[in-house]
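Single-letter residue listing:
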Amino acid sequence: MSFLLFLMTLLLICPIKASADTEWETWLEDLMQDGDYSDAQYEEMYNSLSDMTQNKININQTTRQELESLPFLSEKQVMDIMEYLDRYHSMKSLNELMSIESIDYETRQILYEFLYVGESQSHSFPSLSTLSKYGKNELSLYGKLPMYARVGDTAERGYLGYKYKYWTRYTFSYSDYVKAGFVAAQDAGEPFFSQNNKYGFDQYSAFLMLKRLGRVEALVIGRYSVSAGMGLVMNNGFSIGKISVLQNMGRQGCVLRPHTSSSESGYFQGIAATISLTDNLSLTPFLSYRKTDATLNGDGTISTILYNNYHRTQAELSKKNNTSITAAGVNTIWNIGDLSLGATAVYTHLSRPLNPSMSATYKRIYPVGSNFFNASLNYSFRHYPFCMNGETAISDMGAIATVNSLGYYLSQHVDLMGIYRFYSFRYNSMYSNAFSEGGKTQNETGFYLGVNWHPRYGLDFSAYTDIAYFAWPRYGVSQSSYASDNVLSIKWKTGDWLLSGRYRLHLKQQDGNGSNLQWRQEHRARLCAEWSNERWTSRTQIDYSSVYPVSSSSSSSLSQGYMLTQNFGFISPKYSIYIGGKYFHTDSYDSRLYSYERAMPRTFSYPSYFGHGIRYSLVAECRPVPSLQFAAKVGVVDYFDRSTIGSSLQQINASSACDIELGLKWKW
């Protein structure tokens, strides 16, 4: 405790470097609204974008593929940047982006964090002496200290480790040629240097990525992610969300990235490379072998593959790494002017056969067996004002999945986007993550129509409607069913103010009384006003939700909720402090509300709230010398409608909970 008080005192007396929310963090927050992504996806996307800001792209030496890896750029913006570079050969300053009409103020501010102006001539791969002399090192430490005890922390047969969560991350980089690093992570309750974790941390991860090795455009050894096509066969990188798809017009391609987060799922482990066979033809082969957790049946087969990877109890430890997954695949892309053609194939072998329970009808389409194979063909055609993308895949059972998109730039101010997909209920892929309503690339037929309208500078309207049909029964639905998702979003930036509003209507059919299906109606709305200058930031936000469940049509079954959020920040050359508070009141978990909360460096926080209570937090950062940074966060939640928080071993026997987070970053 004395050490903790010392660090807190240090944070108060040190000069603190200003560090406001970046534009890309605000953009990412917009994608995360209403909890459409999992916590692991939050972390992976946040860390990938953070890495990109640390290794900026030289605008004078960039390629179309590099610009397309920036998910916030539209297809037209990518084309316009490349056309500008072709016409004028190079940029002298990033302010020249103002000359490109399609790049608005907000996008330009984000690009400043990912691009830089450098020499345009080609460079050979750096020597070892150059790497050792000019390479950048970064060491990050993080710890979360709960000021309470869960039932599992005190129970005799509870958690085997300490109640603290902590991780350490080291990275080395030199421009975009070399990137290497490792992560060691420990979740709260997991044993440290004991039980199965006799080597210390519960998880270790490492990677090495090299670029521009002659014909080898990229080489990754260790943990990595691969995205190909539109995600029907392989995508453990960025997800294609319903909001972001309006921006990038369904853009697709093959992207190879190192796995830099502490997440224990959603990655390959082994070796992968992107090889340029000719100027127009590239090949990306990969090979992976990794262990994973699984719940086993009595005969040793797999009932369920686990993705949370918690190892806090004897029961959880008994499932640790009890199954191995071997995967091998290849993606090839052929570019012919405005047309791009690709093919992907992936083979997967499990050391134990999958044999899930088939007790419920909706489970009867789950994958079964030890060996799986998927292959696909994809295309992309880009010729202004049209942009077309698509992929069609087949599984080893002969089932088909296809998704096709058409974007049309009606004018400089209006963009239209349509997506059609058909995913057979018999189609299965171990690594698919494509555009969908149901969260899986299976058992879905749907059509999406979206529009972006920019009537004047600083004013943006976005809207989409998505209708989906599920041929096979789903969880909570005993027959074929429909769903509809509809969103209208407005943003207006004027001076130091940013005003925004968003409304969402989500409809799903579920089992009701008798054999008839009923519509579950979910309404969500948000109004937000942000103001900022060089020293102060302020954000006021109001969220509302109402859910009509299918159990009854009476008004008494209606679940409603609202949340008021206020954040303040003061920024100066010497210090920055951010204070946030939320008051929430919902009738039940159904009407829960999501809200972004400023987090520690290298972490992203987008929790949900339900019940009746308040949440308040304080974040501060201290940089006593330019290469050393301390950070601290105190967060408290107080509930007015309960005497305990959580359940089972996670239960806290109190109505409030306080967490303290500490972090350190050292660069040299």
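Conventions and cut-offs
- Residues numbered from 1 in each chain as written.
- Predicted model: local features only at pLDDT ≥ 70, side-chain atom pairs only at ≥ 80, totals over all residues.
- Heavy atoms only, no water.
- Helix = DSSP H or I, 4+ residues; strand = E, 2+ residues; numbered from the N terminus.
- Buried < 20%, exposed > 50% of the residue type's maximum accessible area, 1.4 Å probe, protein only.
- Polar contact = N/O pair within 3.5 Å; in protein donor to acceptor, adjacent residues only side chain to side chain.
- Contact = heavy atoms within 4.5 Å.
- Core = buried A, V, L, I, M, F, W, Y, C linked by side-chain atoms within 4.5 Å.
- Pairing = 2+ DSSP bridges.
- Salt bridge = Lys/Arg side-chain N within 4 Å of Asp/Glu carboxyl O.
- Phe/Tyr/Trp six-rings, centres within 6.5 Å; stacked < 30°, edge-to-face > 60°.

### Quick look at the side chain of Asn-374
Piece 1. Within the element layout of this structure, Asn-374 appears in strand β15 (residues 369–383).
Piece 2. For Asn-374, a relative accessible area of 4% gives the class buried.
Piece 3. A polar atom in the side chain of Asn-374 sits 2.9 Å from the backbone oxygen of Asn-428.
Piece 4. In contact with Asn-374, other than residues within four places in its own chain, are Val-233, Thr-344, Ala-345, Val-346, Ile-394, Ser-395, Tyr-427, Asn-428 and Ser-429.

### Describing the nonpolar core
Piece 1. Counting 39 residues, the largest nonpolar core has Tyr-224, Leu-232, Met-234, Phe-268 and Tyr-448 as the members making the most contacts within it.
Piece 2. Where this core is concerned, the elements lending two or more residues are β7 (216–227), α9 (244–248), β9 (268–276), β12 (302–305), β13 (323–336), β14 (339–354), β17 (400–409) and β18 (414–423).
Piece 3. With four residues, β7 is the single largest residue contributor to this core.
Piece 4. With sequence-adjacent residues up to four places away left out, Tyr-448 is seen in contact with Lys-242, Val-245, Leu-246, Met-417, Gly-418, Ile-419, Arg-421, Phe-435, Tyr-464, Thr-465 and Asp-466.
Piece 5. By size, the runner-up hydrophobic cluster in this structure holds 31 residues, among which are Leu-28, Tyr-46, Leu-97 and Ile-103.

### Remarks on the pairing of strand β25 (residues 559–571)
Piece 1. Here strand β24 (residues 536–548) pairs with β25 via twelve bridges, running antiparallel. Residue pairing across strands places Thr-537 opposite Gly-569, the latter belonging to β25.
Piece 2. The pairing of β25 with strand β26 (residues 576–586) spans eleven bridges and is antiparallel. In the sheet register, Tyr-562 faces β26, and the bridge partner there is His-585.
Piece 3. Hairpin connection between β25 and β26: a loop of four residues separates the two successive antiparallel strands.

### Topic: the pattern of salt bridges
Piece 1. Scanning all chains against the criterion turns up 15 salt bridges.
Piece 2. Among the ionic pairs, Asp-543 bridges to Arg-526, the shortest N-O distance being 2.6 Å. Note that Asp-543 is positioned in strand β24 and Arg-526 in strand β23 (residues 517–532), a separation of 17 residues in sequence. Both residues of the pair, Asp-543 and Arg-526, count as buried.
Piece 3. Several salt bridges converge on common partners, so that one network encompasses Arg-520, Glu-522, Arg-524 and Asp-590.

### Focus on the packing of aromatic side chains
Piece 1. Using the criterion set out here, one finds 31 aromatic pairs in the structure.
Piece 2. Pairing Tyr-224 with Phe-268 gives two aromatic rings, centres 5.8 Å apart and planes at 40 degrees, and the pair type is tilted. Of this pair, Tyr-224 sits in strand β7 while Phe-268 sits in strand β9, placing them 44 residues apart in sequence.
Piece 3. Between Tyr-469 and Tyr-482, the ring centres sit 4.8 Å apart and the planes meet at 45 degrees, which makes this aromatic pair tilted. Taken together, the residues span a long stretch of sequence, with Tyr-469 in strand β20 (residues 459–470) and Tyr-482 in strand β21 (residues 481–494) at a distance of 13 residues.
Piece 4. Classification of Tyr-482 by relative accessible area gives partly exposed; the value is 41%.
Piece 5. One aromatic cluster is present, built from ring pairs that chain together Tyr-166, Phe-192, Phe-193, Phe-201 and Tyr-204.

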